[in-house]
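Take a look at the letters that make up each chain.
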Amino acid sequence: CCIENDSSSIKCSACQQWKCDNKEGSSRLRSCTTKSGDEDPPLDRHSLALKHKEEADKLSHKCLSIACCGILAGMVRRDPMRLFAEPVKKDVAEYHKVIKDPIDFSKIREKIVASEYSSLGAFINDARQLCINACIFNAADTLYATTAKEIFDSLEIMADRAKKWIAMLKNA
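Right, let's walk through the structure included here. (Residues numbered from 1 in each chain as written. Predicted model: local features only at pLDDT ≥ 70, side-chain atom pairs only at ≥ 80, totals over all residues. Heavy atoms only, no water.)

Remarks on the pattern of salt bridges
- Applying the stated criterion across every chain, the model contains five salt bridges.
- With its nearest N and O atoms 2.7 Å apart, the salt bridge here joins D126 to K111. Of this pair, D126 sits in helix α4 (residues 120–137) while K111 is found in helix α3 (residues 105–113), placing the two residues 15 residues apart along the sequence.
- Overall, D126 belongs to the buried group, its relative accessible area being 13%.
- Here D153 makes a salt bridge to K149, at a shortest N to O gap of 3.1 Å. One end of the pair is D153 and the other is K149, both in helix α5 (residues 143–171) and four residues apart, which spans about a single turn. (Salt bridge = Lys/Arg side-chain N within 4 Å of Asp/Glu carboxyl O. Helix = DSSP H or I, 4+ residues; strand = E, 2+ residues; numbered from the N terminus. Buried < 20%, exposed > 50% of the residue type's maximum accessible area, 1.4 Å probe, protein only.)

Thoughts on the layout of surface pockets
- By volume, the largest pocket is sized at about 380 Å³.
- Around the largest pocket sit 20 residues that line it, and E86, P87, V88, Y95 and I103 are the ones nearest its centre.
- Taken together, the elements giving at least two residues each to the lining of the largest pocket come down to α2 (93–98) and α4.
- Per-element accounting of the lining of the largest pocket gives the leading share, four residues, to α4. (1 Å grid on protein atoms, 1.4 Å probe; cavity = no way out; pocket = protein on both sides within 12 Å on 5 of 7 lines; lining within 4 Å. Points joined across faces, edges and corners; volume = space filled by probe spheres on them.)

Thoughts on the nonpolar core
- One finds I71, M75, F84, I108, L120 and F123 to be the most contacted residues of the largest nonpolar core, which totals 27 residues.
- Elements with a contribution of two residues or more to this core: α1 (45–77), α3, α4 and α5.
- Leave out the neighbours within four places in its chain, and I108 touches L72, I103, Y117, F123, D126, A127 and L130. (Core = buried A, V, L, I, M, F, W, Y, C linked by side-chain atoms within 4.5 Å. Contact = heavy atoms within 4.5 Å.)

Some details on the packing of α1 against α4
- In the contact formed by α1 and α4, the axes pass within 10 Å of each other and the chain directions differ by 20 degrees. Here α4 runs roughly parallel to α1, going by the angle between their axes. Two packed elements cross with a definite hand, and for α1 against α4 that hand is right-handed. Contacts from L64, A67, C68, I71, L72 and M75 of α1 reach α4 at L120, F123, I124 and A127. (Axes fitted to C-alpha atoms, helices over the stretch in contact; angles between N-to-C directions. Parallel < 35°, antiparallel > 145°, perpendicular 65-115°, else oblique. Left-handed = near helix turned anticlockwise from the far one by under 90°.)

Below, the structure written as structure tokens:
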């Protein structure tokens, strides 16, 4: 890399480290041990902390995505007839009059893939909303309501497991 001379010290333009000049006091150029492009230049503590935080945030986001996918898979397994797999059609006008915030498994899946969930709580709120919508619109003894109740009951257990798993990873 290129070395700049500044009276008693030399600065490498690639790694930005100061190199002491030789004992004779001559101003000749020296080659640096850092090869530009081969390695990242050494970072200061602040830069290392920022890099570590960025890596931790990426890991946290991956953990959140994995937890959401796992819970969604558990919910889908509890809906073998795929009652909540797709949105309610627009021609069911009564549903859209009663339910102001419709949601289904496909919409939840899209939000996971698009990284729209910033927390496990936001995901759980959508999952609960799906069950609540089904119980509000359908009579208690219908297949829709009973399936939604089963999903809702298992959702709390899956959410607690996911929270423990995420906490364990953060503390590791």
